[in-house]
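# Observations on the three-dimensional arrangement
Spelled out, the chains give:
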Amino acid sequence: MSHPPAGVRAGKAALRRRLLERRATLGVADLVAAATGLHDVLLAAPEVATAGCVAAYVSVGREPGTGPALEALAERGTRVLLPLLLPGAGLDWAPYTGPADLAPAARGLLEPTAPPLGEDAVLDADVVLVPGLAADRGGERLGRGGGSYDRVLARLRVRPRPAWTCLLLHDGELLDLPLPVEPHDVPVAAAATPSRLYRLRG
């Protein structure tokens, strides 16, 4: 059953509020444990283990922590790309060269200080790790509403061999009921939580 656009947007906004309220209850120990678990789950995924290039992001606030995974990938010799937020909410990309080379940016983000490579640099990635607040079993994701990663996921569709896209979540944020969906929404292939990896679509 289709929803009118206004109803879909309202449903997404209400769900975002509930999920952000839940994340607000997480303490420091919860976040440290989540980052460690997420590292273990991601590094065990065959797609990540064999990737030559991974597009990731630097977690902030109460997002599932990406720091340990970023460090482990870099130590493995995997090329890691991180996003740079552009005016209009597009994303450029730059290489990750270590935590000392990250700088504060707009919206409370941390971004690499290395020279940008252009918006199409993400097309070199074998794996794209995606932020968000929730996913459903069909791979639909709920982001924060800015649209940056909807554009990235749409851009990846031009590749002859799709990148493996994986949403990073806390435990309990993979939902059994379908998420409200708009025409621009692009599903992801998997979701990783601190406890396990979920394969969501082919």
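All of these numbers come straight from a predicted model, not from anything done at the bench.

### Digging into the state of the cysteines
Summed over the entire model, instances satisfying the criterion amount to zero disulfides. Looking at the unpaired Cys53, the closest cysteine sulfur is the one in Cys166, lying at 16 Å. For Cys166, a relative accessible area of 0% puts it in the buried group.

### Considering the nonpolar core
Counting residues in each nonpolar core, the largest one holds 51 residues, and the members touching the most others are Leu42, Trp93, Trp164 and Cys166. Those residues in contact with Leu42, other than ones at most four positions away along the chain, are Val48, Ala69, Leu129, Cys166, Leu168 and Ala192. Core analysis: the second largest hydrophobic core is formed by six residues, Leu15, Leu133, Leu142 and Leu179 among them.

### Quick notes on the sheet that holds strand β7 (residues 134-136)
Remark on secondary structure: sheet strands pair via backbone hydrogen bonds, oriented parallel or antiparallel. Strand order in this open sheet of three strands is β8-β7-β10, and the pairing throughout is mixed. Each end of this open sheet is capped by a strand with a single partner; those strands are β8 (141-142) and β10 (174-175). Pairing analysis gives two bridges linking β7 to β8, with the strands arranged antiparallel. Within β8, the position partnered with Ala135 by the bridge is Arg141.

### Remarks on the side chain of Glu111
For Glu111, the position within the fold is in strand β5 (residues 110-112). Among buried charged residues, Glu111 stands out as having no salt bridge; its nearest opposite-charge side chain is Arg107, 8.8 Å away. Among residues more than four places away in sequence, those in contact with Glu111 are Pro83, Leu84, Leu85, Asp101, Leu102, Ala103 and Ala105.

### Some points on the side chain of Thr193
Along the polypeptide, Thr193 turns up in the loop between β11 (190-192) and β12 (197-199). When neighbours within four sequence positions are excluded, Thr193 is seen to be in contact with Leu38, Val41, Leu169, His170, Asp171 and Tyr198.

### Some thoughts on the pairing of strand β3 (residues 91-95)
A large share of β3 lies buried, amounting to four of its five residues. What sits between the antiparallel neighbours strand β2 (residues 79-85) and β3 is a turn of five residues, in which Gly88 has the positive phi angle 90°.

### Describing unusual backbone geometry
Backbone geometry at Ala89 places phi at a positive 80°, although glycine is not the residue there. With respect to the element layout, Ala89 can be found in the loop between β2 and β3. A relative accessible area of 8% means that Ala89 is categorised as buried. The backbone of Arg107 shows a phi angle near 60°, a positive value even though the residue is not glycine.

### Some words on the pairing of strand β6 (residues 127-130)
Of the two faces of β6, both are covered, the one formed by Val127 and Leu129 as well as the one formed by Val128 and Val130. In terms of strand pairing, strand β1 (residues 53-55) meets β6 through two bridges, oriented parallel. Counterpart to Ala55 in the pairing with β6 is Val128. In terms of strand pairing, β6 meets strand β9 (residues 164-168) through four bridges, oriented parallel. Pairing of Val130 across the sheet is with Leu167, part of β9.

### Concerning the packing of helix α2 (residues 28-44) against helix α4 (residues 67-76)
Orientation of α2 relative to α4, taken along the N-to-C sense of each, is 40°, at an axis distance of 8 Å. Viewed along their axes, α2 and α4 adopt a mutual orientation that is oblique. From α2, Ala35, His39, Leu42 and Leu43 reach across to α4, where they touch Pro68, Ala69, Ala72, Leu73 and Arg76. Counted by class, the contact of α2 with α4 contains seven nonpolar, one polar and one charged residues.

Rules of the game
Residues numbered from 1 in each chain as written. Predicted model: local features only at pLDDT ≥ 70, side-chain atom pairs only at ≥ 80, totals over all residues. Heavy atoms only, no water. Disulfide = S-S within 2.5 Å. Buried < 20%, exposed > 50% of the residue type's maximum accessible area, 1.4 Å probe, protein only. Core = buried A, V, L, I, M, F, W, Y, C linked by side-chain atoms within 4.5 Å. Contact = heavy atoms within 4.5 Å. Pairing = 2+ DSSP bridges. Helix = DSSP H or I, 4+ residues; strand = E, 2+ residues; numbered from the N terminus. Lys, Arg positive; Asp, Glu negative; His and termini not counted. Salt bridge = Lys/Arg side-chain N within 4 Å of Asp/Glu carboxyl O. Axes fitted to C-alpha atoms, helices over the stretch in contact; angles between N-to-C directions. Parallel < 35°, antiparallel > 145°, perpendicular 65-115°, else oblique. Nonpolar A, V, L, I, M, F, W, Y, C, P; charged D, E, K, R; others polar.

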